[in-house]
Amino acid sequence: MNHEIALSVNGRAEQVTVPASMTLLELLRERLHLTGTKEACGIGECGACTVLLDGKPVTSCLVLAVEADGHEVRTIEGEATDGGLSALQQAFIDAGAVQCGFCTPGMILSARALLERTPNPSDEQIVEAIAGNLCRCTGYESILRAIRLAADRHGREAGEERRLPEKDDRAAVHSNGGDAGAG
Ligand code: FES
Ligand code: FES
């Protein structure tokens, strides 16, 4: 039996008719041609197929497409903005964390969910966030470093952004004060 479902994928409204048994992973890869989401184990154990469903990481091989009806899905294709890599993707490159590459989309989405709810996570929180994403190649060191790097860079930028208005405010106060004094 087929169902018509409507969902948002990377901010774009999609309306599709899907069989009841179709997984979200199949919908993304085969119908919507978003092949950045990878299939490995197919049984919810490796995390390669991780996407965000309403901002929470899920293994899309275990979610039925019909369960995504009315919800918001984000995949690795939604990570880059304005045609450029996101800061998180860049941090993965800079830290040498794109290892086999196959696991990377799922890792990045788990990290994205973590950084959105906890912008400055502890090492333990980072480890916990990617616990469902298996890496069998060179280990997790550079992946942890990448997520820490992204968090630190974001923190520095946020700090700079917070300081800028203060400077402007001070300038405005001085210039107002000067005007008032001159008047
Ligand atoms: S392919 Fe979904 S968890 Fe492995
Ligand atoms: S990053 Fe894919 S197995 Fe390690």
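Structure first, text after, so check above.
Keep in mind that what you see is a predicted model, and the values were worked out from it rather than measured. (Residues numbered from 1 in each chain as written. Chains lettered and ligands numbered in written order. Predicted model: local features only at pLDDT ≥ 70, side-chain atom pairs only at ≥ 80, totals over all residues. Heavy atoms only, no water.)

1. A word on the overall build of the chain
A tally of helices and strands in the chain yields five helices and five strands. Seen in sequence order, the chain has helices and strands lined up from the N terminus as β-β-α-β-β-β-α-α-α-α. The buried share of the chain, reckoned over its 183 residues, is 38%. Intrachain contacts of the chain at a sequence separation of at least 6 include 55% that bridge at least 24 residues. (Helix = DSSP H or I, 4+ residues; strand = E, 2+ residues; numbered from the N terminus. Buried < 20%, exposed > 50% of the residue type's maximum accessible area, 1.4 Å probe, protein only. Contact = heavy atoms within 4.5 Å.)

2. Looking at the sheet that holds strand S5 (residues 72-74)
With respect to topology, five strands assemble into an open sheet ordered S2-S1-S5-S3-S4, the strand pairing being mixed. Since the sheet does not close on itself, it has two edges, and those belong to strand S2 (12-19) and strand S4 (56-59), each with one partner. Adjacent strand axes in the sheet meet at a mean angle of 40° when their direction is disregarded. Where strand S1 (residues 2-9) and S2 come together, eight bridges link them in antiparallel fashion. Along S2, the bridge assignment pairs Ser-8 with Ala-13. (Pairing = 2+ DSSP bridges. Axes fitted to C-alpha atoms, helices over the stretch in contact; angles between N-to-C directions.)

3. Concerning empty space enclosed by the protein
Considering all chains together, one arrives at one cavity of 30 Å³ or more under this definition. When its volume is computed, the largest cavity comes out at roughly 50 Å³. Looking at the largest cavity, the residues that line it are Ala-97, Gln-99, Cys-100, Gly-101, Cys-103, Thr-104, Met-107, Cys-135, Cys-137 and Ile-143. Its residues assigned to classes, the lining of the largest cavity shows seven nonpolar, three polar and no charged. (1 Å grid on protein atoms, 1.4 Å probe; cavity = no way out; pocket = protein on both sides within 12 Å on 5 of 7 lines; lining within 4 Å. Points joined across faces, edges and corners; volume = space filled by probe spheres on them. Nonpolar A, V, L, I, M, F, W, Y, C, P; charged D, E, K, R; others polar.)

4. Focus: helix H1 (residues 24-31)
Residues Leu-24, Leu-25, Leu-27 and Leu-28 constitute the buried set of H1. Buried residues belonging to H1 abut S1, S2, strand S3 (50-53) and S5. One or two residues past the end of H1 sits His-33, with phi positive at roughly 60°.

5. A closer look at the pattern of salt bridges
Under the criterion given, the structure shown has six salt bridges. Two residues, Arg-74 and Glu-116, come together in a salt bridge whose shortest N-O distance is 2.7 Å. Highlighted residues: Arg-74 in strand S5 and Glu-116 in helix H3 (residues 104-117), separated in sequence by 42 residues. Asp-123 serves as the salt-bridge partner of Arg-148, at 3.8 Å between the closest nitrogen and oxygen. You can see Arg-148 sitting in helix H5 (residues 141-182) and its partner Asp-123 sitting in helix H4 (residues 123-129), a full 25 residues away along the chain. Beyond isolated ion pairs, a larger network of salt bridges with shared partners links Asp-123, Arg-148 and Asp-152. (Salt bridge = Lys/Arg side-chain N within 4 Å of Asp/Glu carboxyl O.)

6. Some words on the packing of helix H2 (residues 87-94) against H3
Where H2 contacts H3, the two axes come as close as 10 Å, and the packing angle between them is 125°. In this view, H2 runs oblique relative to H3, as classed from their interaxial angle. Relative to H3, H2 is oriented so that their crossing is right-handed. Across the interface between the two elements, Leu-88, Gln-89 and Phe-92 from H2 touch Thr-104, Met-107, Ile-108, Ala-111, Arg-112 and Leu-115 from H3. Among the residues making up the contact of H2 with H3, the classes are represented as six nonpolar, two polar and one charged. (Parallel < 35°, antiparallel > 145°, perpendicular 65-115°, else oblique. Left-handed = near helix turned anticlockwise from the far one by under 90°.)

7. Describing unusual backbone geometry
Despite not being glycine, His-33 has its phi angle at roughly 60°, a positive value. Within the element layout of this structure, His-33 appears in the loop between H1 and S3. Its relative accessible area of 59% is what places His-33 among the exposed residues. One non-glycine residue, Asp-82, adopts positive backbone phi at about 50°. For Asp-82, the location among the structural elements is in the loop between S5 and H2.

8. A word on the nonpolar core
One finds Leu-88, Phe-92, Met-107, Leu-115, Ile-143 and Ile-147 to be the most contacted residues of the largest nonpolar core, which totals 24 residues. Once residues within four sequence positions are removed from consideration, Leu-88 is found in contact with Glu-79, Ile-108, Ala-111, Arg-112, Leu-115 and Ala-150. Counting residues in each nonpolar core, the second largest holds 18 residues, with Leu-28, Val-51, Leu-53 and Ala-68 among its members. (Core = buried A, V, L, I, M, F, W, Y, C linked by side-chain atoms within 4.5 Å.)

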